[in-house]
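Fold and geometry: a report
Here's the letter readout for the chains.
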Amino acid sequence: MEVKKVLADLQRRFPNEPEYIQAVSQVLPTIEEEYNKHPEFDKANLIERLCIPDRIIQFRVSWMDDNGNIQTNMGYRVQHNNAIGPYKGGIRFHSSVNLGILKFLAFEQTFKNSLTTLPMGGGKGGSDFSPRGKSNAEVMRFCQAFMLELTKHIGPDEDVPAGDIGVGGREVGFMFGMYKKLTHEFTGTFTGKGREFGGSLIRPEATGYGNVYFLMEMLKTKGTDLKGKSVLISGSGNVAQYTAEKVLQLGGKVLTMSDSNGYIYDADGIDRAKLDYIMELKNVYRGRIKEYVDKYPTAKYVEGAKPWNEKADIALPSATQNEINGDAAKALIANGVIAVSEGANMPSTPEAIKVFQDAKILYAPGKAANAGGVSVSGLEMSQNSERLSWTAEEVDNRLHMIMEDIHANCVKYGKEENGYINYVKGANVAGFMKVAKAMMAQGIV
Ligand code: NDP
Ligand code: 2IT
């Protein structure tokens, strides 16, 4: 494989999908050496078959808002690769969603799911519908309209969606309800379901907890841990909340959280009681993060900015893609950050990643660090198949073991001669090899 040629070709064919090109560009150079050790891969044009999704489903979603107006949104499902298991990945509802973003997420998901040790292929879906500011009834009608189409393309052994930005327990519940009605079946076709109808314990916590477990493994390689360390977290949604919870449990101090309008900084630390307030504010009242300073006036709110200029030991980006650019990365390094572990998918730009790696700090890409969410989704699928539910302790233990395993695999494939662990390379090569071997065994399909 000639990376430049493959990338130029993809760029020519998909010129309007910058996030997809960015994600592929980050992976190919790191797997090139391993790929080229296997001439049979190139003969089978494995790289093109791995980069281009198996199938893309795209549809119109029409629904009625509370004023009786008919609204139209786009719906998508990108079924990227099912070499090692059914397509699996979240659904994103956000006004920014387009095909290129979902293709990047589905591509990343394929490698991530391979790393989890569980049998799951990669997929992603979503809509440019934003639940923010919509009534419950509007969200329900949208989810039902979305499922009228998506139902035809998913199933427990075919494609199993879950949540992502803008899709939490409420949305999964509405989508599952419509799916069940249309198919006349109760199956585990969604994960992240409510506890009462097959949802796994610890699934809501899994991405945030998993990221902190991964961080602990990284810190261990430096003979340290979280005690007394200060942490910058972005976002205030599902991933950010449970990241904060686990950081607090392990003795760290959380200084910031954010949403798309700005961030809060609390020099005294966001403690358990304050985090409870944030969870209620975001999950029950669906409020904005700036309301935190009304409740805790000694904290500050910075409108229109990201938290990366604040001084801390660790950064855990947990909002969205490309939220740390090169300048933000330089500011983090200048302020003494020793570790960056990605709860979000692709939150660091290529420039930022270079800054982290040049500075030789601990840096974990999302496909490794945030794999805990989809891992517990995989465990939810297992529980649904055997029609049992495991205890929170059992699921948490398995999650912990999976994150340790992913870390060990990153070290195995990513440790450089000088001892530096290149987690990007480690995750990409480990994720790739399993999918590649499965694809080779299955012929040209
Ligand atoms: P949520 O919708 O629960 O929360 C998203 C948070 O990020 C909100 O605080 C939101 O603020 C903020 N945000 C969203 N878009 C933007 C933007 N364009 N600019 C700035 N802030 C933004 O989503 P999750 O917590 O589930 O997802 C967060 C990240 O983690 C995503 O990258 C997702 O792909 C990734 N992830 C999620 C997993 C999961 O299991 N849920 C698993 C693995 C990764 P606002 O309210 O203003 O929109
Ligand atoms: O990006 C992700 O890994 C997710 N949004 C979770 C996917 C899943 O199927 O649980």
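This write-up is about the structure you can find in this document. (Residues numbered from 1 in each chain as written. Chains lettered and ligands numbered in written order. Predicted model: local features only at pLDDT ≥ 70, side-chain atom pairs only at ≥ 80, totals over all residues. Heavy atoms only, no water.)

In this section: the pairing of strand β2 (residues 70-81). Direction of pairing for strand β1 (residues 55-64) relative to β2: antiparallel, over a ladder of 10 bridges. Within β2, the residue paired with F59 across the bridge is G75. Hairpin remark: β1 followed by β2, antiparallel, with five residues in the connecting loop; positive phi at G68, about 85°. Bridge count between β2 and strand β4 (residues 122-127): six bridges; the pairing is antiparallel. When the sheet's bridge partners are listed, Y76 is paired in β4 with G126. (Pairing = 2+ DSSP bridges. Helix = DSSP H or I, 4+ residues; strand = E, 2+ residues; numbered from the N terminus.)

Let us now look at the site of ligand 2. Looking at ligand 2, there are 14 residues lining it, with K88, K112, D164, R203 and S377 nearest. One of the side-chain nitrogen or oxygen atoms of D164 is found 2.9 Å away from a nitrogen atom of ligand 2. Notes on ligand 2: free accessible area 290 Å², of which the protein chains cover 94%. Elements that contribute at least two residues to the shell around ligand 2 include exactly β3 (87-93), α5 (99-115) and α15 (372-386). Residue composition of the shell around ligand 2, grouped by class: two nonpolar, seven polar and five charged. (Near = heavy atom within 4 Å. Polar contact = N/O pair within 3.5 Å; in protein donor to acceptor, adjacent residues only side chain to side chain. Areas by Shrake-Rupley, 256 points an atom, 1.4 Å probe, with all protein chains shown as cover. Nonpolar A, V, L, I, M, F, W, Y, C, P; charged D, E, K, R; others polar.)

Okay, unusual backbone geometry next. Residue N322 is not a glycine yet carries a positive backbone phi of 55°. By secondary structure assignment, the location of N322 is in the loop between β10 (314-316) and α12 (326-334). Among the residues examined, N322 registers a relative accessible area of 28% and is labelled partly exposed. Even without glycine at this site, K360 takes up a positive phi of about 60°. Overall, the relative accessible area of 40% leaves K360 in the partly exposed class. (Buried < 20%, exposed > 50% of the residue type's maximum accessible area, 1.4 Å probe, protein only.)

Here the focus is empty space enclosed by the protein. Under the defined criterion, the tally for this structure stands at one cavity of 30 Å³ or more. Quantified by volume, the largest cavity comes out at close to 120 Å³. In this structure, the largest cavity is lined by Q26, E108, E342, M346, S348, I353, Y363, P365, G366, K367, V424 and N428. Broken down by secondary-structure element, the contributors of at least two residues to the lining of the largest cavity are α14 (366-369) and α17 (423-441). (1 Å grid on protein atoms, 1.4 Å probe; cavity = no way out; pocket = protein on both sides within 12 Å on 5 of 7 lines; lining within 4 Å. Points joined across faces, edges and corners; volume = space filled by probe spheres on them.)

Below, the discussion takes up α15. For α15, with 15 residues, the first-to-last C-alpha span of 21 Å sits near the 21 Å given by 1.5 Å per residue. Burial within α15 is extensive, with 12 of its 15 residues counted as buried. Within the span of α15, buried status applies to G372, G373, V374, S375, V376, S377, G378, L379, E380, M381, Q383 and N384. Of the surrounding elements, those touching the buried residues of α15 are β3, α5, β5 (159-162), α8 (203-220) and α16 (392-414). (Expected span 1.5 Å × (residues − 1). Contact = heavy atoms within 4.5 Å.)

Let us look at the layout of surface pockets. Its volume calculated, the second largest pocket comes out at about 340 Å³. If you trace the second largest pocket, you find 16 residues lining it, with T187, G188, Q383, N384 and S385 closest to the centre.

Turning next to the sheet that holds strand β12 (residues 362-364). With mixed pairing, the seven strands of this open sheet are ordered in space as β9-β8-β7-β6-β10-β11-β12. Of all the strands in the sheet, just β9 (300-303) and β12 have a single pairing partner and so form its edges. Ignoring which end each strand starts from, the neighbouring axes of this sheet average 15° apart. Two elements, strand β6 (residues 230-233) and strand β7 (residues 253-259), share three bridges in a ladder whose sense is parallel. Within β7, the residue paired with L232 across the bridge is T256. (Axes fitted to C-alpha atoms, helices over the stretch in contact; angles between N-to-C directions.)

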